[in-house]
Amino acid sequence: MLGLWIDGDCSEGDERYYAMENHGARLLHFYRNDIYETIRAFVTDIRNAGFVTVYPSYGWYDYYPHGRHPLKLATLYDRVKNLLRDERGSSIPGQIGPETGYFSRVQPPDDRIRVIVMNTNFYVRNHIASRRPDPARQWKWLIEQLGECRIAGQKAFIVMSVPPGFDRKSYSDENPDKGKENLLVWSNGHNRRYLRIISRYRDVVAAQFAGHRHEDTFRLVYNRKGKAVSAVLLAPAMSPRFGNYPAIRIYMYDKHSGKLIDYVQYYFNLTKANLDADMTRPEKYWEVSYSFRDFYRLPDATPSSFEKLVKNLQTSNVVFDRYHSNAEGRVNHEPACDYRCKLISLCVITSLDFGSFSECVSGKFAADQIRTRHSVRPLPKPLRDRLFGRFNPASSSPTPPSVNFMNGTEDTRVAFRTF
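Notes on the structure in this doc start here. Given the structure is predicted, the values throughout are model-derived calculations rather than measurements. (Residues numbered from 1 in each chain as written. Predicted model: local features only at pLDDT ≥ 70, side-chain atom pairs only at ≥ 80, totals over all residues. Heavy atoms only, no water.)

Moving on: the side chain of Asn-223. As for its placement among the helices and strands, Asn-223 is situated in the loop between strand S7 (217-222) and strand S8 (228-234). Here Asn-223 falls in the buried class, since its relative accessible area comes to 18%. (Helix = DSSP H or I, 4+ residues; strand = E, 2+ residues; numbered from the N terminus. Buried < 20%, exposed > 50% of the residue type's maximum accessible area, 1.4 Å probe, protein only.)

Before going further, it helps to spend a moment on the sheet that holds strand S6 (residues 205-210). The sheet built from six strands is open, its strands ordered S3-S4-S5-S6-S8-S7 with mixed pairing. The open sheet terminates on both sides in strands that have one partner only, identified here as strand S3 (103-106) and S7. Strand after strand, the sheet turns through a mean of 20 degrees between neighbouring axes, direction not considered. Examined bridge by bridge, strand S5 (residues 155-159) and S6 share four bridges and lie parallel to one another. By the bridge assignment for S6, Ile-158 is matched with Gln-208. Strand contacts of helix H3 (residues 138-152): S3, strand S4 (113-117), S5 and S6, with the helix running at about 175 degrees to S4, the strand carrying the most contacts. Its contacts with the sheet put helix H5 (residues 188-200) on S5, S6, S7 and S8, and the angle it makes with S6 is roughly 150 degrees. (Pairing = 2+ DSSP bridges. Axes fitted to C-alpha atoms, helices over the stretch in contact; angles between N-to-C directions. Contact = heavy atoms within 4.5 Å.)

A few words on the packing of helix H10 (residues 339-350) against helix H11 (residues 354-362). Between H10 and H11, whose axes approach to 9 Å, the crossing angle comes to 155 degrees. Classified by the interaxial angle, the pair formed by H10 and H11 is roughly antiparallel. The crossing of H10 and H11 is right-handed. Note on element contacts: H11 touches H10 through Phe-357, Cys-360 and Val-361, opposite Leu-343, Ile-344, Cys-347, Val-348 and Thr-350. For the contact of H10 with H11, the per-class residue count stands at seven nonpolar, one polar and no charged. (Parallel < 35°, antiparallel > 145°, perpendicular 65-115°, else oblique. Left-handed = near helix turned anticlockwise from the far one by under 90°. Nonpolar A, V, L, I, M, F, W, Y, C, P; charged D, E, K, R; others polar.)

All right, on to the state of the cysteines then. Throughout the structure, instances matching the rule amount to one disulfide. One disulfide bridge connects Cys-347 with Cys-360, the sulfur atoms lying 2.0 Å from each other. Between Cys-347 and Cys-360, the disulfide has an S-S torsion of -85 degrees and is therefore left-handed. A residue pair is termed long-range when its members are at least 10 positions apart, and Cys-347 in helix H10 and Cys-360 in helix H11 qualify at 13 residues. Both residues of the pair, Cys-347 and Cys-360, count as buried. (Disulfide = S-S within 2.5 Å.)

Taken in spatial order, the three strands of this open sheet run S9-S10-S11, and their pairing is antiparallel. The sheet is open, and its two edges are formed by strand S9 (247-253) and strand S11 (286-291), each paired on a single side. For this sheet the average axis-to-axis angle between neighbouring strands, irrespective of direction, equals 25 degrees. Summarising the sheet, strand S10 (residues 260-268) and S11 pair through five bridges and their orientation is antiparallel.

On the secondary structure map, Ile-143 appears in helix H3. What Ile-143 contacts, discounting residues up to four positions off in sequence, is Ile-197 and Tyr-201.

This part is about the environment of Lys-81. Mapped onto the fold, Lys-81 is located in helix H2 (residues 75-83). Using a relative accessible area of 15% as the deciding quantity, one classes Lys-81 as buried. Put simply, Lys-81 and Gly-101 are 20 residues apart on the chain and 8.9 Å apart in space, counted from C-alpha to C-alpha.

Ranked by internal contacts, the top residues of the largest apolar core, which has 48 residues, are Leu-142, Leu-146, Ile-158, Trp-186 and Tyr-194. Those elements giving two or more residues to this core turn out to be helix H1 (24-48), H2, H3, S5, H5, S6 and S8. The element best represented in this core is H3, accounting for five residues. With residues up to four places along the chain from it excluded, the contact list for Trp-186 reads Thr-120, Tyr-123, Val-124, Arg-125, Trp-139, Met-160, Val-162, Pro-163, Pro-164, Asn-191 and Tyr-194. (Core = buried A, V, L, I, M, F, W, Y, C linked by side-chain atoms within 4.5 Å.)

Listed below in structure tokens is the structure:
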């Protein structure tokens with residue numbers, strides 16, 4: 001069976017949405033409908049190509065006002081659900097729960113893989129719902145889904161738009177305030193809760209897929225012994241908003257075990273297309289960027305392989321430069337990545353919570369880079385203080401009470417495309 005995961009943010013970059021405040025219900029309805037029509041156009045084009053089933057994950061810009069994605073059934077959710085009914089009349093999203101943009105579907109015909117699509121907009125620090133302990137009861141639902149997978153002997157693919165962890169592009173000497181405000185993408189409590197859940201169900205979760213960051217990169221989740229137990233694969237964007245080429249990724253996996261075997265990255269050569277100005281056959285401008293296994297010389301795309309890749313990134317400037325070129329989208333990116341850029345890039349991959357990230361950029365990991373004579377050095381103390389002054393893990397109050405919802409009763413153990 002073939003399937004296609006569509007990351008959200010289809011309407012991202014349209015400045016009209018930012019001029020909407022206080023313009024009344026009529027304009028609000030107009031722009032929400034405009035978002036829906038954008039989604040419909042994407043889905044229609046893909047469906048017309050045939051042979052695929054579409055699984056949508058709602059992005060930050062797929063609702064207006066941003067940060068107010070509804071916690072209950074809403075018109076947009078319902079319209080998109082109806083849009084994604086296939087030719088056989090069955091509902092593609094499958095189990096919708098409370099119908100707030102998250103759902104799951106067991107993959108036929110073997111029923112060995114369960115695709116779990118989350119609406120992670122609720123956890124973003126700028127979302128009003130992030131102050132709730134369980135927005136739309138999605139945490140309860142996720143744990144139930146993973147528990148059912150374990151009982152049924154299934155593997156889970158978790159799909160989301162906005163991933164946990166840190167945003168590499170927020171860090172800058174020239175704009176330290178932006179870095180301060182965007183240290184962690186999700187609220188701290190929800191971020192930690194997700195990492196605990198993934199570690200707890202590491203035997204179930206075969207892979208995690210995300211987008212939103214407009215980068216070709218990944219994140220690693222470690223257990224308490226420091227071993228990588230799961231990877232979050234971030235696909236680059238179709239939107240060229242940050243000077244990147246539009247990109248699409250195809251994953252290959254074992255349909256019985258859920259093991260990721262490889263992925264192939266494609267990009268749309270805008271430079272060539274603009275020079276030719278010939279869109280009668282736009283498919284000719286799509287080119288292969290690389291195959292993960294061939295490019296990084298690794299046996300597969302499992303967490304252990306990504307763990308090996310991290311070690312190669314730490315020890316080889318050549319490997320890191322190749323990775324950085326991919327992350328930036330092959331166009332309009334800096335040819336070199338200085339020591340701060342490398343340090344932040346590596347720490348963002350390996351450290352998904354405040355404590356480990358702070359240690360990574362200022363502690364033993366940074367010191368090790370100096371001892372091994374690599375170009376990665378610790379951040380200067382003034383910049384480090386600006387970045388971590390608001391949420392200092394060593395302080396008596398590491399997180400604002402309004403975003404820390406962990407309680408003592410919780411168990412604290414540590415393009416989806418099918419072929």
